Amino acid sequence: MTAPKGPTLTVVPHPKTPDVETDTPSSGPQVLQPSGWPMPKGYANGMAADGRLVVTGGVIGWDTQGHLAPDFVAQVRQTLSNISEILAEGGARPEHLVRLTWYVVDIEEYLASLKELGRAYREIFGAHYPAMALVQVVRLVEKAARVEIEATAVVPR
């Protein structure tokens, strides 16, 4: 019997970021990239991390007064900002993210906005790209919401 042939897994070390309290490098999430696979753009195929979980529910782009911008990109920007604030409450930072699940009501609107979305994402989360999924849904609970995102972060011990 021969061993099954398939891609081998490469663990790509994530750049070490200094721990705010100790100013020493912290071990953060590691990108899982099967060898031979093309490098994804703007997301990771998988992540590995050890630490304390910080998760959000489905977060939408309303401001502190509960208002939603009518524009898709503005809603995404506010949603990412809201997630960043929730992470901070749990002692996490954007580089601790291991997974984002995006729910959008119009996939074409998302695809048409990729350049602006990438710019907003990098302004808020930097160049850290966790595992991501994108799902088109019929609608969200808040009728005016165009996007909802769930986030999972792992804060190193």
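Worth saying up front: this structure is predicted, and the values here are computed from it rather than measured.

(A) Up close: the overall build of the protein. If you tally the helices and strands in the protein, you get three helices and nine strands. Along the protein, helices and strands appear, N-terminal first, in the series β-β-β-β-β-β-α-β-α-α-β-β. For the protein, contacts bridging at least 24 residues in sequence account for 73% of all contacts bridging at least 6.

(B) Molecular detail of the nonpolar core. With 22 residues, the main nonpolar core has Phe72, Leu100 and Trp102 as its most contacted residues. At the level of elements, α1 (72–89), β7 (97–104), α3 (114–125) and β9 (147–155) are the ones that each hand at least two residues to this core. Per-element accounting of this core gives the leading share, six residues, to α1. In this structure Trp102 touches Val76, Leu80, Tyr110, Tyr121, Met132, Ala133, Leu134, Val135, Val147, Glu148 and Ile149, once residues within four positions along its chain are discounted.

(C) Region of interest: the pairing of strand β4 (residues 30–34). Taken across its five residues, β4 has four buried, putting it largely inside the fold. Sheet topology places β4 next to strand β5 (residues 46–48); three bridges connect them, and they run antiparallel. By the bridge assignment, Leu32 is partnered in β5 with Gly46.

(D) Looking closely at the environment of Glu108. Counting through the fold element by element, Glu108 comes out in helix α2 (residues 107–112). What makes Glu108 exposed here is its relative accessible area of 53%. Separated by 28 residues in sequence, Glu108 and Gln136 place their C-alpha atoms 9.5 Å apart.

(E) Just the side chain of Thr101, in detail. Mapped onto the fold, Thr101 is located in strand β7. The class of Thr101 is buried, set by a relative accessible area of 11%. When neighbours within four sequence positions are excluded, Thr101 is seen to be in contact with Ala133, Glu148, Ile149 and Glu150.

(F) Representation of α1. In this model α1 runs 26 Å from its N-terminal to its C-terminal C-alpha over 18 residues, within 8% of the 26 Å that 1.5 Å per residue would give. Every buried residue of α1 is accounted for by Phe72, Val73, Gln75, Val76, Thr79, Leu80, Asn82, Ile83 and Leu87. The inward-facing, buried residues of α1 contact β6 (52–55), β7, α2, α3 and β9. Measuring from the side-chain oxygen of the N-cap residue of α1 to the backbone nitrogen of Val73 gives 3.3 Å; that N-cap residue is Asp71. Remark: Gly91 follows α1 within two positions and exhibits a positive phi of approximately 75 degrees.

(G) Quick peek at the packing of α1 against α3. Between α1 and α3, whose axes approach to 10 Å, the crossing angle comes to 20 degrees. Looking at the two axes, α1 sits roughly parallel to α3. Along this stretch, α1 crosses α3, giving a crossing that reads as right-handed. Here Phe72, Val73, Val76, Arg77, Leu80, Ser81, Ile83 and Ser84 of α1 come into contact with α3, specifically with Glu116, Leu117, Ala120, Tyr121, Glu123, Ile124 and Phe125. A breakdown of the residues in the contact of α1 with α3 according to their chemical character gives 10 nonpolar, two polar and three charged.

What counts as what
- Residues numbered from 1 in each chain as written.
- Predicted model: local features only at pLDDT ≥ 70, side-chain atom pairs only at ≥ 80, totals over all residues.
- Heavy atoms only, no water.
- Helix = DSSP H or I, 4+ residues; strand = E, 2+ residues; numbered from the N terminus.
- Contact = heavy atoms within 4.5 Å.
- Core = buried A, V, L, I, M, F, W, Y, C linked by side-chain atoms within 4.5 Å.
- Buried < 20%, exposed > 50% of the residue type's maximum accessible area, 1.4 Å probe, protein only.
- Pairing = 2+ DSSP bridges.
- Expected span 1.5 Å × (residues − 1).
- Polar contact = N/O pair within 3.5 Å; in protein donor to acceptor, adjacent residues only side chain to side chain.
- Axes fitted to C-alpha atoms, helices over the stretch in contact; angles between N-to-C directions.
- Parallel < 35°, antiparallel > 145°, perpendicular 65-115°, else oblique.
- Left-handed = near helix turned anticlockwise from the far one by under 90°.
- Nonpolar A, V, L, I, M, F, W, Y, C, P; charged D, E, K, R; others polar.

Keep in mind these numbers describe shape, not what the thing actually does.
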